[in-house]
Amino acid sequence: MPDESQLPQRGVQTAAGAGARRGMLPFLVAFIASCATPERTPYTLADQMAAEVPGYKEIRFYADMPAAELAGQRDHFLPTGLGADGRASWLALSAGGAGGAFGAGVLIGWSERGDRPAFDLVTGVSAGALLAPFAFVGPSADRELASLFTAASVERLNRSRSLLAGVFGQGALPSKELRALIDAHLDDALVERIAARHRAGARLLIVTTNLDAQRSVVWDIGAIAASDRPDRVRLIGDVLEASASIPAIFPPVRIAVTGNDRAFEELHADGGAMRQVYLLPEAYQPDTTLGGLRPDIHVIVNAELAPRFNVIPQQSIRIAERALESLEKSNASDIVTDLAEFARRNRATFRLAYIDRAIPSNRRIPFDPNYMQAAFALGQVKGRAGAWEAGPPIGTGFLEAK
């Protein structure tokens, strides 16, 4: 009999998919989940509002912070200097799961083209969070970037636990494999390079979702790196793991904090659960200008944006999966459209790259190596050619499922 841990999961797709296959009643789900998951220390909203990571100050903020707080946080979410050529270069890397291979391909192809800038601001969400540190330190990290989304690197990520683990436990795939992938690429040398760029005024920001607060948390990774604390590599690894932990696929990450003289743990998960792309705080974008700063803004969406036509079976798991996919596309397209308008208002340049063709994938494998290879190749071609778009697709630019 084959070892089931070596087989691609026969159903690791979405949380809704796993639940639908079993057809469990909500109260039964809640009962079994309470028996199968670790206990948590209860805490109050007041504790949450006062929470800080022990030993650190001002290393994070909420993406939905009130406008009144913007001025005090400006140095955290905006770079404090310009690039070597006198211009500012900003890069936003989106969520996308296995589609992160596309972003890796774009960046490496861009390096090969020879005109990839040193980014003054890099933001990452989910899969984009894993790419962001390497994009931030520059083309010298391209070898690590290429190896991050290869078949060999992600092979172990496709080893499922059981179907029940995704429904009643914390995730269908064990977190140790994702963390091992991160730890294999994150070390003191990389963190020190991040710290050096932060001290020079550049900013590296990673987004997680605080599941308890239902808010997007933006982590100033450069500030953590520049703290020189002995646990800085571990904390950065925790944030990257949390941002990339797709709900029900990977377990969320517990981050220890203190608030109101109480110690407890926040539960952080996929940054893409609330926003597929992040560049600036919500309150900053609608009416605020950049005061004459005219950055070159590049956004890499590690996913499709155009609708993809496909006749969906009338089955609950497929309907739920299709609805979630549609919601993610709509969220990403809306955010990208807003960013393009923000750039236009500030007379900044805006460039967008996204997966613009239907790439076949094996739905039973969360990180299909064939899909990732094709996505990487597509991204590399776009990076080499400098093939950027001015905004997301509109109208009837449909993709047709293969």
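Just so it is clear, the model here is predicted, and its values are computed rather than measured.

Considering the overall build of the chain
The helix and strand tally for the chain stands at 15 helices and eleven strands. Sorting the 402 residues of the chain into buried and exposed places 52% on the buried side. Of the contacts made within the chain by residues no fewer than 6 positions apart, 79% connect residues no fewer than 24 positions apart. For the chain, the accessible surface area stands at approximately 18,000 Å², while carbon and sulfur atoms represent 53% of it.

A closer look at the packing of helix H5 (residues 100–113) against helix H15 (residues 369–385)
It is the contact of H5 with H15, at a shortest axis distance of 6 Å, that shows an interaxial angle of 30°. Crossing handedness for the pair H5 and H15: right-handed. Along its contact with H5, which presents Ala101, Phe102, Ala104, Gly105, Val106, Ile108, Gly109, Trp110, Glu112 and Arg113, the element H15 presents Met372, Ala375, Phe376, Leu378, Gly379, Gln380, Lys382, Gly383, Arg384 and Ala385. Residue composition of the contact of H5 with H15, grouped by class: eleven nonpolar, five polar and four charged.

Side note on the confidence of the model for the chain
In the predicted model, the chain carries a mean pLDDT of 84, and the fraction of residues at 70 or more is 81%. Confidence drops under a pLDDT of 50 for residues 1–35, and excluding neighbours within four residues, the segment shows 47 contacts in the predicted structure. Confidence over residues 161–171 falls short of pLDDT 50; this stretch has 40 contacts with residues more than four positions distant or in other chains.

Re the side chain of Asn210
On the secondary structure map, Asn210 appears in strand S4 (residues 203–210). Exposure remark for Asn210: the relative accessible area of 0% places this residue in the buried category. A distance of 3.0 Å separates a polar side-chain atom of Asn210 from the backbone nitrogen of Asp212. Setting aside residues up to four positions removed in sequence, Asn210 forms contacts with Gln48, Tyr62, Arg215, Val217, Glu266, Leu267 and His268.

Examining the pattern of salt bridges
Enumeration according to the criterion identifies 27 salt bridges in this entry. Arg234 is the partner of Asp238 in a salt bridge, and the nearest nitrogen-oxygen pair spans 2.8 Å. Taken together, the positions of Asp238 and Arg234, both in helix H13 (residues 232–243) and four residues apart, correspond to about one turn of that helix. Owing to a relative accessible area of 10%, Asp238 belongs among the buried residues under this scheme. When salt bridges with common partners are traced through the structure, they connect Arg179, Asp183, Arg229, Asp231, Arg234, Asp238 and Glu241 into a single cluster.

Quick notes on the pairing of strand S8 (residues 296–304)
Burial analysis of S8 places eight of its nine residues in the buried class, which makes it a mostly covered element. Strand direction decides the pairing type here: strand S2 (residues 89–93) and S8, joined by five bridges, are parallel. Paired with Leu91 across the bridge in S8 is His298. Sheet topology places S8 next to strand S10 (residues 349–355); seven bridges connect them, and they run parallel. Counted as the bridge partner of Ile300 is Ala353 from S10.

So, the pairing of S4
With eight of its eight residues buried, S4 lies for the most part within the structure. Neither face of S4 is left uncovered, since the one carrying Arg203, Leu205, Val207 and Thr209 and the one carrying Leu204, Ile206, Thr208 and Asn210 both have all their residues buried. Sheet topology places strand S3 (residues 121–125) next to S4; five bridges connect them, and they run parallel. Paired with Thr123 across the two strands is Leu205, which belongs to S4. In the sheet, S4 pairs with strand S5 (residues 215–220) via six bridges, with the strands oriented antiparallel. Paired with Leu205 across the two strands is Asp220, which belongs to S5.

Notes on the packing of aromatic side chains
For the coordinates displayed, the defined rule picks out seven aromatic pairs. Taking 4.0 Å as the distance between ring centres and 20° as the angle between the ring planes, the aromatic pair formed by Tyr43 and Phe264 counts as stacked. Linking Tyr43 in the loop between helix H2 (26–36) and helix H3 (45–49) with Phe264 in strand S7 (residues 262–269), this pair joins segments that are 221 residues apart in sequence. A residue is classified by how much of its surface remains accessible, and Phe264, at 4% relative accessible area, is buried. Plain terms: the ring middles of Tyr284 and Phe342 are 6.4 Å apart, the flat faces sit at 55° to each other, and that makes the pair tilted. Here the residue Tyr284 occupies a position in the loop between S7 and S8, and Phe342 occupies one in helix H14 (residues 316–345), the gap between them amounting to 58 residues. Judged by relative accessible area, which is 3%, Tyr284 ranks as buried. What makes Phe342 buried here is its relative accessible area of 1%. The structure contains a cluster of three or more aromatic residues connected by ring pairs, namely Phe61, Phe77, Tyr284 and Phe342. Arg197 extends its terminal NZ or CZ atom over the ring of Phe136, reaching a point 5.0 Å from the ring centre. The cationic tip of Arg229 hangs over the ring face of Tyr56; the distance from NZ or CZ to the ring centre is 5.0 Å.

Conventions used here
- Residues numbered from 1 in each chain as written.
- Predicted model: local features only at pLDDT ≥ 70, side-chain atom pairs only at ≥ 80, totals over all residues.
- Heavy atoms only, no water.
- Helix = DSSP H or I, 4+ residues; strand = E, 2+ residues; numbered from the N terminus.
- Buried < 20%, exposed > 50% of the residue type's maximum accessible area, 1.4 Å probe, protein only.
- Contact = heavy atoms within 4.5 Å.
- Areas by Shrake-Rupley, 256 points an atom, 1.4 Å probe, with all protein chains shown as cover.
- Axes fitted to C-alpha atoms, helices over the stretch in contact; angles between N-to-C directions.
- Left-handed = near helix turned anticlockwise from the far one by under 90°.
- Nonpolar A, V, L, I, M, F, W, Y, C, P; charged D, E, K, R; others polar.
- pLDDT = per-residue confidence, 0-100.
- Polar contact = N/O pair within 3.5 Å; in protein donor to acceptor, adjacent residues only side chain to side chain.
- Salt bridge = Lys/Arg side-chain N within 4 Å of Asp/Glu carboxyl O.
- Pairing = 2+ DSSP bridges.
- Phe/Tyr/Trp six-rings, centres within 6.5 Å; stacked < 30°, edge-to-face > 60°.
- Lys NZ or Arg CZ within 6 Å of the ring centre and 35° of its normal.

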